[in-house]
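Working through the structure, step by step
Chain residues, written in single-letter form:
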Amino acid sequence: MASASVPAPPSPWTTPHPSPPPTYSPPLSFPPPEDLVPTVTRLNAIYSSVDLAHQTTRWNALGSRFKALYDRPMNFVARSPGRVNLIGEHIDYSWFPVLPMATVHDVLVAVSVLPPDDPAADDRIILSNVSSSKYATRVFNTVDFQDPFFEIKTTGSDVDWSAYFLAGLKGALMFSKLCAAESSPLPTMRILVDGDIPTCAGLSASSALVCSSLLAVLAVTTTSTIEKSFLVNSSVISERVLGVNSGGMDQAASVFGVRDHALLVDFRPLVSAKPVRVLDTIPPLCFVLANSLVVAANRAETGPDKYNVRVVEAVLAAEILARKYNVGRLEIRDGFGGTLRGFYDRVCDKEGWSMGDRESEERAVREVVRRIQETFEKDQYSLDEVAEMLGQKAEDMVRKYMTRFPIRAKYLNLRDRSIHVIEESFRVKCFSSLLASSTLHLRTLSASESRPYFDALGALMNASQASCSSLFDCSCPEVDELTQIARRHGAAGSRITGTGWGGCTVSLVRADKVADVIEGLKKEYYAVRYPGLSASQLEETVFAIRPANGTVLAKIETA
């Protein structure tokens, strides 16, 4: 067999400049099967053979626990996984594509519906958790939810775990009232939740709970078919009632997940996901997840200081840039403000820049970054200064951009945040193109011939981490240290994944280096910072991961 030459850098995937998205309306015809949330009757339709034995034991334990707790079997389980973002951090709410993958770790919402003639029917929803010592049982009266626009009460930054279930419940009831052709009243329900996504680790455990809760309630209140895209959009809206200005990546990755594939998730004109296979390389391309054990920013609790501030910084930067460079009014994202993608697309159109190849787009990115640096000469601006650049009064700016979601900030960094978003979006295009190219060409390449792909992908991840740390300021010293250790022991690239300010790293590793990377992380990070961790705790803290399937409605008999 003739040896293959090192591939030339592929042209990045580029997006067209779409027209404004239409207002959502219920579909007039059935969508294709792949766009519907699947109903499965076998666990091997969810999990790979590697995970099947463990998951069978787990699901059987869930069924037994449910029956012991409620004296009845569960009718179905709504299952949504967590996600790991491979690249594209904090750019989804600027409408740029991202590249996450669903994980095998998931949230299971097991449900039993009691018909009105059941002697135990009491018009209550009892919500319990397998980890009952950590998450207390909550009881709700269905009459309190007759108005689907009910308020979810939280106390300051204290968000009870049940609030995420209620967010999904609210979204489902709003859909049933506004869109469903036929809907049923909220019945008596008994619910048991089991989740194995590490919490406060930036892996979207909360979004998975919202998604699965919303799906569970839809399953009992409407006979309508449930589209994946609709479930994603509804979950985003549902989570926002908790004060989180979510961009949609977490929900899209959870719902659209495909085994052995990353997902190129786009948000224009409507949310969509293009599977990109990631495991067809020689040696296999693997990912290692490492939890820093520094609590990641919980967006519902720390959003006013961190996540929501970044969203506002990106929006205000886009509005100011559009005003200065006279590109017209930007399309508004969810009634909130313009986006940096909107500005970028408008500039490209106005200047007539061709986006047909990597070099052209790279020049466009550099030119837009130059304009950002020219516009924002310093890294911190007071609210009065930002308002002046917008041509508005400070109180009007605050009312428009900083009251819909809670914000605590006196100064805003518009330059560094917007540079990160523009450059990170280009890294996503390059990364996804390389993955697609490696899938097509690497099956016949030797280890030495495949090395350029690993190096190129790793370099993009490393550049992303540097940007997250220095420009977007969403990393932390512990995460920085984890990425450095992983690289020293053989990772081609390593970066933060998730909301940030703690949480997890994801590292790109050749299969023959996975053991070395994991052992290096255990010795140089965990043994030093967390010497008390047991072997089993370490196994749950640092491990190899695989892309997994997304949200399903499961009707499976357990032992």
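Note that the structure is a prediction, hence the values are computed from the model and not measured. (Residues numbered from 1 in each chain as written. Predicted model: local features only at pLDDT ≥ 70, side-chain atom pairs only at ≥ 80, totals over all residues. Heavy atoms only, no water.)

So, the overall build of the chain
Put simply, the rule reads: Only DSSP runs of H or I reaching four residues or more are called helices, and only runs of E reaching two or more are called strands; each is numbered from the N terminus. Under the scheme applied here, a residue whose accessible area is under 20% of the maximum for its type counts as buried, over 50% as exposed, and between as partly exposed, the area being computed with a 1.4 Å probe on protein chains only. Whether two residues are in contact is decided by their heavy atoms: any pair within 4.5 Å suffices. The protein chains shown are the only cover counted for residues, whose accessible areas, like all others here, come from Shrake-Rupley with a 1.4 Å probe.
Looking only at helices and strands, one finds 16 helices and 15 strands in the chain. Buried residues in the chain amount to 58% of all 559 residues. Considering only contacts in the chain between residues 6 or more positions apart, those separated by 24 or more positions represent 76%. As presented, the chain carries roughly 22700 Å² of accessible surface, and 52% of it is formed by carbon and sulfur atoms.

Digging into the pairing of strand E3 (residues 99-114)
Here is the rule we go by: In this description, strands pair whenever DSSP reports at least two bridges between them.
For E3, a buried count of 15 out of 16 residues is recorded, marking the element as mostly surrounded by other parts of the structure. In terms of strand pairing, strand E2 (residues 76-87) meets E3 through 10 bridges, oriented antiparallel. Paired with Arg79 across the two strands is Leu108, which belongs to E3.

Looking at the sheet that holds strand E15 (residues 552-554)
Pairing in this open sheet of 7 strands is mixed, and the strands run E1-E15-E2-E3-E6-E4-E5 from one edge to the other. In this open sheet, the two edge strands, each paired with only one partner strand, are strand E1 (39-40) and strand E5 (138-141). Across 8 bridges, the pairing between E3 and strand E6 (residues 188-195) is antiparallel. Opposite Val111, over in E6, you have Ile191 as the bridge partner.

What to know about the packing of helix H14 (residues 477-488) against helix H15 (residues 514-529)
To be explicit about the condition: What counts as an axis is a line fitted to C-alpha atoms, over the stretch in contact for a helix, and the angles between N-to-C directions run from 0 to 180 degrees. We call a crossing left-handed when the near helix sits turned anticlockwise from the far one by less than a right angle, and right-handed when that turn is clockwise. Asp, Glu, Lys and Arg are counted as charged, while Ala, Val, Leu, Ile, Met, Phe, Trp, Tyr, Cys and Pro are counted as nonpolar; the rest, among them Gly, fall into the polar class.
With their axes 8 Å apart at the nearest point, H14 and H15 run at an angle of 145 degrees to one another. Seen from above, H14 lies across H15 with right-handed handedness. Note on element contacts: H15 touches H14 through Val517, Gly520, Leu521, Glu524, Tyr525, Tyr526 and Arg529, opposite Glu478, Glu481, Leu482, Ile485, Ala486 and Arg488. A breakdown of the residues in the contact of H14 with H15 according to their chemical character gives 7 nonpolar, 1 polar and 5 charged.

Regarding the sheet that holds strand E14 (residues 542-545)
In space, the 4 strands of this open sheet follow the order E12-E13-E9-E14, with antiparallel pairing throughout. Among the strands making up the open sheet, the edge pair consists of strand E12 (493-497) and E14. This sheet shows a mean twist of 25 degrees between the axes of neighbouring strands, independent of strand direction. Strand direction decides the pairing type here: strand E9 (residues 285-291) and strand E13 (residues 504-510), joined by 7 bridges, are antiparallel.

A look at the packing of aromatic side chains
Aromatic ring pairs are described here by two measures, namely the spacing of the ring centres and the angle between the planes. To keep it simple, the criterion reads: Planes of paired rings set the category: under 30 degrees apart is stacked, over 60 is edge-to-face and the rest tilted, where pairs are Phe, Tyr or Trp rings (Trp by its six-membered ring) whose centres lie within 6.5 Å.
All chains considered together, the criterion is met by 12 aromatic pairs. For the pair Tyr93 and Tyr307, a centre-to-centre distance of 5.4 Å together with 75 degrees between the ring planes defines the contact as edge-to-face. Of this pair, Tyr93 sits in the loop between E2 and E3 while Tyr307 is found in helix H7 (residues 307-324), placing the two residues 214 residues apart along the sequence. Both residues of the pair, Tyr93 and Tyr307, count as buried. Note on Tyr325 and Phe343: the rings are 6.3 Å apart at their centroids and 45 degrees apart in plane angle, and the pair reads as tilted. With Tyr325 in the loop between H7 and helix H8 (340-351) and Phe343 in helix H8, this residue pair connects regions lying 18 residues apart in the sequence. Here the two residues Tyr325 and Phe343 agree in accessibility, since each one is buried. Through pairs of rings, three or more aromatic residues link up here, namely Phe140, Phe145 and Phe150.

Notes on the pattern of salt bridges
Where we set the bar: Criterion for a salt bridge: a side-chain nitrogen of Lys or Arg within 4 Å of a carboxyl oxygen of Asp or Glu.
Throughout the structure, instances matching the rule amount to 36 salt bridges. One salt bridge in this structure joins Arg529 and Glu478, with 3.9 Å as the shortest N-O distance. In this pair, Arg529 sits in helix H15 while Glu478 sits in helix H14, placing the two residues 51 residues apart along the sequence.

Observations concerning unusual backbone geometry
With a phi angle near 70 degrees, Asp260 is a residue other than glycine that sits in the positive phi range. Considering the arrangement of structural elements, one finds Asp260 in the loop between helix H5 (249-256) and strand E7 (261-266). Phi at Asn326 is positive, roughly 55 degrees, even though this residue is not glycine. In this structure, Asn326 sits in the loop between H7 and H8.

As for helix H3 (residues 205-221)
We count it as follows: Here a helix's expected span is defined as the number of its residues, less one, multiplied by 1.5 Å.
Here H3 spans 24 Å end to end across 17 residues, near enough to the 24 Å set by a 1.5 Å rise per residue. Most of H3 is tucked away: 15 of the 17 residues are buried.

A short note on H7
For H7, spanning 18 residues, the distance from its first C-alpha to its last is 26 Å, which sits close to the expected 26 Å at 1.5 Å a residue. Among the residues trailing H7, Asn326 stands out with phi positive, at a value near 55 degrees.

Some thoughts on the confidence of the model for the chain
Low pLDDT means the predicted coordinates in that region are not meant to be read closely. Rules: Every residue is assigned a pLDDT by the predictor, reflecting its confidence on a scale from 0 to 100.
Averaged over every residue, the pLDDT of the chain is 87; residues scoring 70 or more account for 89%. Note on residues 1-31: pLDDT under 50 across the span, and 55 contacts to partners over four residues away in sequence or across chains.

Comments concerning the environment of Glu377
Among the structural elements, Glu377 can be located in the loop between helix H9 (358-375) and strand E10 (381-382). Here Glu377 falls in the exposed class, since its relative accessible area comes to 66%. Along the sequence, Glu377 and Arg415 sit 38 residues apart, while their C-alpha atoms lie 7.6 Å from each other.

Thoughts on the side chain of Asp480
Worth spelling out the cut-off: All tallies of charge rest on Lys and Arg as positive and Asp and Glu as negative; His and the ends of each chain are not included. Two N or O atoms count as a polar contact when they lie within 3.5 Å, although within protein this holds only if one can serve as hydrogen donor and the other as acceptor, and sequence-adjacent residues are included solely when both atoms are side-chain atoms.
Its location among the elements puts Asp480 in helix H14. Despite its burial, Asp480 pairs with no opposite charge, the nearest such side chain being Arg487 at 7.4 Å. Within the local environment of Asp480, its side chain forms a polar contact with the side chain of Ser475, the two groups lying 2.8 Å apart.

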